[in-house]
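Breakdown of the fold
Single-letter residue listing:
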Amino acid sequence: MFQYEFMRYAFLASTFIAITCGVVGVYVVARSFSFLAHTLSEIGFAGAAFAVFLGIAPLWGMLLFTLLGSISVGELSMHSDQKESAISAISALFIGLGVLFLAISGSNSRYATNILFGSIIGVDRQGVIQLVILSIIVLLLIFLVQGQLNFDSFDHIGAVAHGIKTGLIGVIFLVALAMSVSIGSQIVGSLLVFILLTLPSSTARYLGRTIPSMIAWSVGIALIGVWAGLYFGFLTNWPVTFFISLIEVVIYLIAYFVHVVRHKL
Amino acid sequence: MILDVKDLTMRFDTKTVFQDLNFSLKEGSMTALLGPNGTGKTTLINILMKLLVPTSGSFKFGDQVRLGYVPQFRNIDAEYPLSIKSFIGLNAPLIKTSKIKAQIKHELEETHLLEIQNTRMGEASGGQKQRAYLAQALLDHPNMIILDEATASLDPVAKEDLMKLIQHLNKEHGMTVLFVTHDVPLARKYMDEYLYLNHQTIKQGKMSEFEGDYE
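The name an unreviewed UniProt entry gives chain B is ATP-binding cassette domain-containing protein, with Lactobacillus xujianguonis as the organism. What the UniProt record of chain B gives under Sequence similarities (unreviewed entry) is the line "Belongs to the ABC transporter superfamily."

Under an unreviewed UniProt entry, the name given to chain A is Metal ABC transporter permease, and the source organism is Lactobacillus xujianguonis. Here is the UniProt Sequence similarities (unreviewed entry) comment for chain A, exactly as written: "Belongs to the ABC-3 integral membrane protein family."

Quick notes on the confidence of the model for chain A
Averaged over all residues, the pLDDT of chain A equals 88, while 95% of them reach at least 70. Mean pLDDT values over the elements of chain A span from 74, in helix α5 (residues 109-117) of chain A, up to 96, in helix α7 (residues 146-154) of chain A.

Considering the UniProt feature "transmembrane region" (unreviewed entry) in chain A
Residues and elements named next belong to chain A. Mapped onto the present numbering, the UniProt feature "transmembrane region" (unreviewed entry) falls on residues 9-30, 50-74, 86-107, 127-145, 187-207, 214-234 and 240-261. Taken end to end, residues 50-74 is 88% helix and 0% strand, and its first and last C-alpha atoms sit 22 Å apart. Annotation note: span residues 187-207, helix share 81%, strand share 0%, distance between end C-alpha atoms 26 Å.

Some words on the environment of Tyr133 of chain B
Checked against the element boundaries, Tyr133 of chain B lands in helix α4 (residues 126-138). Along the backbone, Tyr133 of chain B and Leu147 of chain B are 14 residues apart, and their C-alpha atoms lie at a distance of 9.7 Å.

Remarks on helix α3 (residues 98-110) of chain B
Taking 1.5 Å of rise per residue, the 13 residues of α3 of chain B would be expected to cover 18 Å, and the 18 Å separating its terminal C-alpha atoms lies within 8% of that figure. The elements touched by buried residues of α3 of chain B are α2 (84-89) and α4 of chain B.

Examining helix α4 (residues 83-105) of chain A
Residues and elements named next belong to chain A. Between the first and last C-alpha of α4 there are 33 Å, a value that for 23 residues agrees with the 33 Å anticipated at 1.5 Å per step. For α4, the full list of buried residues reads Ile87, Ser91, Phe94, Gly98, Phe101 and Leu102. Just downstream of α4 lies Gly106, where phi reads positive at about 70 degrees.

Looking at the domain arrangement of chain B
Residue and element names in this part refer to chain B. Taken domain by domain, chain B holds domain 1 (1-66 + 142-215) and domain 2 (77-140). Measuring from the centre of the C-alpha atoms in domain 1 to the corresponding centre in domain 2 gives 25 Å. Contacts between the two partners involve ten residues from domain 1, matched on the other side by nine residues from domain 2. The element contributing the most residues to the side of domain 1 that touches domain 2 is helix α5 (residues 156-173), with four residues.

Things to note about the sheet that holds strand β3 (residues 30-34) of chain B
Pairing between the strands of a sheet is mediated by backbone hydrogen bonds and can be parallel or antiparallel. Residue and element names in this part refer to chain B. The six strands are arranged β5-β6-β7-β3-β8-β9 in an open sheet whose pairing can be described as mixed. Two strands bound the open sheet, and with one partner strand each, they are β5 (67-70) and β9 (201-206). Averaged over all pairs of adjacent strands, the angle between their axes in this sheet comes to 15 degrees, without regard to strand direction. Of the pairings in the sheet, the one linking strand β6 (residues 144-148) to strand β7 (residues 176-180) comprises five bridges and is parallel in character.

Topic: the packing of helix α10 (residues 193-207) of chain A against helix α11 (residues 211-236) of chain A
Residues and elements named next belong to chain A. Between α10 and α11, whose axes approach to 8 Å, the crossing angle comes to 130 degrees. When the axis of α10 is compared with that of α11, the two are oblique. By crossing handedness, the relation of α10 to α11 is classed as right-handed. Note on element contacts: α11 touches α10 through Met214, Trp217, Ser218, Ile221, Ala222 and Gly225, opposite Leu196, Pro200, Ser201, Thr203, Ala204, Arg205 and Leu207.

Remarks on the interface of chain A and chain B
On the chain B side, the residues contacting the 18 residues of chain A number 19 residues. Partitioning the side of chain A that touches chain B into residue classes produces seven nonpolar, eight polar and three charged.

Re the environment of Ile157 of chain A
As for its position among the elements, Ile157 of chain A is in helix α8 (residues 156-161). For Ile157 of chain A, a count of 16 C-beta atoms within 10 Å translates into the label partly exposed. Taking C-alpha positions, Ile157 of chain A is 31 Å from Gly184 of chain A, a pair spaced 27 residues apart along the chain. Apart from the residues lying within four places of it in its own chain, the contact partners of Ile157 of chain A are Pro71, Phe73, Arg74 and Asn75 of chain B.

Definitions and cut-offs
For every chain, the first residue of the written sequence is number 1, and numbering continues from 1 onward in sequence order. Chains and ligands are labelled by the order in which they are written, letters from A for the one and numbers from 1 for the other. With the structure being a predicted model, the display of local features is reserved for residues of pLDDT at least 70 and the display and counting of side-chain atom pairs for 80 or more, all residues being used for whole-chain, interface and lining totals. UniProt positions are given in the numbering used here, feature names are shortened, and annotations may be inferred rather than shown by experiment. The quantity known as pLDDT measures the predictor's confidence residue by residue, on a range of 0 to 100. A run of H or I in DSSP counts as a helix once it spans at least four residues, and a run of E counts as a strand once it spans at least two, with each numbered from the N terminus. An expected span of 1.5 Å times one less than the residue number is assigned to each helix. In this description, any two residues whose backbone-derived C-beta atoms lie within 7 Å of each other are considered to be in contact. The burial label depends on the number of other C-beta atoms within 10 Å of a residue's C-beta. Counts of 20 or more mean buried, 12 or fewer mean exposed, and intermediate counts mean partly exposed, with C-beta atoms placed from the backbone. Domain delimitation in this document rests on an assignment produced automatically or drawn from a domain database. Pairing between strands is defined by DSSP: at least two bridges between them are needed. Axis geometry follows a simple rule: fit a line to the C-alpha atoms, using only the stretch in contact for helices, then measure angles between N-to-C directions, giving values from 0 to 180 degrees. When an angle is under 35 degrees it counts as roughly parallel; over 145 it counts as roughly antiparallel; between 65 and 115 it counts as roughly perpendicular; any other value is oblique. Should the near helix be turned anticlockwise from the far one by less than a right angle, the crossing is left-handed, and should it be turned clockwise, the crossing is right-handed. Charged residues are taken to be Asp, Glu, Lys and Arg, nonpolar residues to be Ala, Val, Leu, Ile, Met, Phe, Trp, Tyr, Cys and Pro, and polar residues to be all remaining types, Gly included.

Structural data, given as structure tokens:
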């Protein structure tokens, strides 16, 4: 299947996306940001629709919306007592906006489907280069603050007690998360990008006992998902996103049941 | 003196937590900060740790002080994945050189956690968790350590273990200890001096002469 150029691009792009989402996901789960990641993907949908309305590439609309969204939702969820209601309200608003932008831009429903459910097969050379560069930026951002990010994400109270600038670390992480949502959406779609951001890393929590080992498991499981998903998608012509979600869910459930059984016995 | 507190006052809106506190701690002393719940013990500690700004007054640590601090609450649930060793290592540089690894091993030994270093924090007992919090703070090489209600949720055996460990740090390593608790019998057994915070003021004295009423 690698004789097809679009499959080579698809593999390259999804490899970088899986690595990025696998790494960032470990912190998403550690910081209990799964719900926020889900909301950001809906905000990303609105951003993509906005970009279609303006006639620019959906990726840039997504980046714009998710960056603004992650900072404001992040602030709101840190300071509001009704964190989940606040996030739900914002998420509802943005889905509404997304539908509106798609309607007034006059694009067909196929385009909406692509944004929501992904269209990795449609990634071209320029798209791959953009995704790779953005992935590297996210990974660099994480790497630069990793010591403090580890402490803050896995022991927030201890980090505060040690005088770590947890507010600043939080904002940097939200930027990295917003970018991951935007690039992840290119492959699995904005509706399902939270799969790559939460499931491999949730599975990794059962398997690893150190942060490096959790990151390794998380990236590995994300890679298995996207690679196998692309392969089965190529074989069957069914949606790649379907296979990726199925594989990630199955791996998660196996790890979960093994964990439960081990602790019951 | 390792700590000097002068006229320290703290108010939240109109509520005065405490007013004009004056006390000092000697180097190598072992002091219990006593008082009923809600009298501002944790508030006082947060001020000393520069996590809160007092309304008025001042405090000064000795020039040579290196503080270690074990806060009252932690977010460690039963599913918390990191091993005891990794949890302690959160307070060490990201790149673990052999020197840093040796330091972590030393603190694991000191807190009797070496044999269970690979146990997940989520699966550790209350006493083991408290010792891990202490080990994490010890990585800062403190000569003064502040523990906030470290024994509050522990069973009697784990309490004794932790107190013996703190006593060891004080006697063998000369560490100054400020131990926040509302457990007077425990403080009587292990602490030399007391600070008693109640009714917005503080009293200081020898633990053996403590006659708090907790009203």
